[in-house]
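# Results of the structural survey
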Amino acid sequence: MDIALNLDRQSDCPLHQQLYEELRQAILSRRLLPGQRLPSTRAFAQSLGLARITVTQSYERLLSEGYLEAIVGSGTYVCTQIPDELLRSPTVVATPKQNRPMVSLSAYGENLLSQPFSLLPEANLPISFRYGRPAFDQFPMQLWRKLLSHHCRTDLSWLDYATDFQGYQPLRQAISGYLARARAVQCDPDQIVITNGTQQALALIMRLLINPGETIAVEDPGYVSAKRIFLSHGVNLLPIPVDESGLIVEKLTSNQAQPIRCVYVTPSHQFPTGAILSLPRRLELLTWAQQTGALILEDDYDSEYRYGNRPIPALQGLAKSDSVLYVGTFSKVLFPSLRIGYVVLPSQLVPLFAQAKWLCDRQLPGLEQRVLTDFIEQGHLDSHIRKMRSYYDHNRQVLVQALKAHWGEKVTILGEQAGIHVMIRLHIPLSDAEIIQRAVQKNVEIMSAQPHYLNSVDHNNSIQGEFILGYSELSPDQIQEGIRRLAQVL
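So, here's what we can say about the structure. (Residues numbered from 1 in each chain as written. Predicted model: local features only at pLDDT ≥ 70, side-chain atom pairs only at ≥ 80, totals over all residues. Heavy atoms only, no water.)

## Digging into the sheet that holds strand S3 (residues 75-78)
Judged by pairing direction, the sheet is antiparallel, and its three strands sit side by side in the order S1-S3-S2 without closing on themselves. Of all strands in the sheet, those bounded by a partner on one side alone are strand S1 (37-38) and strand S2 (68-71). When S2 meets S3, the two strands line up antiparallel, connected through four bridges. Within the sheet, the bridge partner assigned to Ala 70 lies in S3 and is Thr 76. Packing of helix H3 (residues 52-64) onto the sheet brings it into contact with S1, S2 and S3, and relative to S2 it is tilted by some 100 degrees. (Pairing = 2+ DSSP bridges. Helix = DSSP H or I, 4+ residues; strand = E, 2+ residues; numbered from the N terminus. Contact = heavy atoms within 4.5 Å. Axes fitted to C-alpha atoms, helices over the stretch in contact; angles between N-to-C directions.)

## Considering the packing of aromatic side chains
Counted according to the given criterion, the structure contains 14 aromatic pairs. The interplanar angle of 80 degrees and the centroid separation of 6.0 Å between the aromatic rings of Tyr 223 and Phe 271 together place this pair among those described as edge-to-face. In this pair, Tyr 223 is assigned in the loop between strand S6 (215-220) and helix H8 (224-232) and Phe 271 in the loop between strand S9 (260-265) and helix H10 (279-292), connecting sequence segments 48 residues apart. Under the relative-accessibility criterion, Tyr 223 is labelled partly exposed at 25%. Consider the rings of Tyr 391 and Tyr 392, whose centres lie 5.7 Å apart with planes at 70 degrees: the pair is edge-to-face. With relative accessibility at 22%, the residue Tyr 391 sits in the partly exposed group. Given the relative accessible area of 0%, Tyr 392 is considered buried. Within the aromatic cluster, the residues linked to one another by ring pairs are Tyr 131, Tyr 223, Phe 271 and Tyr 301. Lying over the aromatic face of Tyr 161, Arg 362 brings its terminal NZ or CZ to 4.5 Å of the ring centre. (Phe/Tyr/Trp six-rings, centres within 6.5 Å; stacked < 30°, edge-to-face > 60°. Buried < 20%, exposed > 50% of the residue type's maximum accessible area, 1.4 Å probe, protein only. Lys NZ or Arg CZ within 6 Å of the ring centre and 35° of its normal.)

## Details of the sheet that holds strand S7 (residues 236-243)
Sheet strands pair via backbone hydrogen bonds, and the direction of the pair is either parallel or antiparallel. Within the open sheet, the eight strands sit side by side as S5-S12-S11-S10-S9-S6-S7-S8. Their pairing is mixed. In this open sheet, the two edge strands, each paired with only one partner strand, are strand S5 (192-195) and strand S8 (246-247). As paired strands, strand S10 (residues 295-299) and strand S11 (residues 324-329) are joined by four bridges and run parallel to one another. Within the sheet, the bridge partner assigned to Leu 297 lies in S11 and is Leu 325. Each of S5, S11 and strand S12 (341-344) touches helix H6 (residues 169-183); the most contacted strand, S5, lies at about 110 degrees to it. Sheet strands touched by H8: S6, S7, S9 and S10. Its angle to S6, the strand with the most contacts, is close to 165 degrees.

Here it is as structure tokens:
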């Protein structure tokens, strides 16, 4: 094991003293962790180019002071209880102002610093209506492992740097065929750039097509992570309300306050309300974009899961111009850590996006792209979607029936015809904080919809009682029991 140390052979300080101080500081700063084994004096002396007696002297002093401990027949280790740690004051967590960098920041850095940032806490309770994740235990792991093993045995080209900046060409071919068949998206493989999920696709769009100070219209409520990306690039956000038919396009077209550069929408399953943008509004939105020259960012994050209605073609497939940038992901239909998404672009933008993608992260993992290609081409994706649609539909029906049985007219259910979550409005005189706390007392976790409103602080009174209930990770019995417990305490 090599340990990087600063030793000055020209110093008047003896080398054994320098080595002692360097090792002591490495232990106190936790570069060397409690219980970590150190090299033998012979090996360490050879590594540092020192006499063995120099290392031995340093070790002996550290042993005598309690920084190291020697175990006969095993070696020398960092002591599990460091003396100086007992003298330290507790670590103080810095506030954003205290944690401000000493160096000057770019405009992007300033925008990030000015935004409150926190991940939604998870209580890890026995019954959690978390949303956003698929049912991991239903994923065909044995099949995926078989495809992985096949490529590991037969092809090592994925170990090398990629030469295709847009992503693995056979995967783009497979995605193109899937989108044409399932979503009526009009594209060929050369219009697709594979990305590290939806987040990177949106970040690239912001960086390449939107200037700071321009206006982006967003659904309100809407996907909070997308709004954070937009704000980090210094744009102005214009909230557009949604109803049971999705984005209210009339509010967009009647806007006279400021020119709109683009609008971000989730038309196939509005997040978080679950509304599906109606066909008349889709056509109205496309007409507005063509007349104004604005862009439409279509986020089609989980359109595979529909229940009881026919799929409406993607906006991109209905567009008669290059006004729509279509973004998709495999995070919901397969699993989030796969980190494979894509953006369908007008042909003239592809070289620019491919170059920017290459500068961001060089390439996506080649092995996963090859496995996903086989998964799609061999029909496993379609089979998995059919299976999961039936699985989620059953959970959805159980949840809706339980809500109606226990709450009756005191609950309004939104977006129950698609996706892997529903949004509810509870008509009870309690704050969201009270409701969440009472749920925790019954070992049930639910999450408020407030963070997804653009001006949630200003609209607290009007959006009290709205919650997002995910049902993908729960069994039918857990769903029924969770709703029963909520009704019991609320």
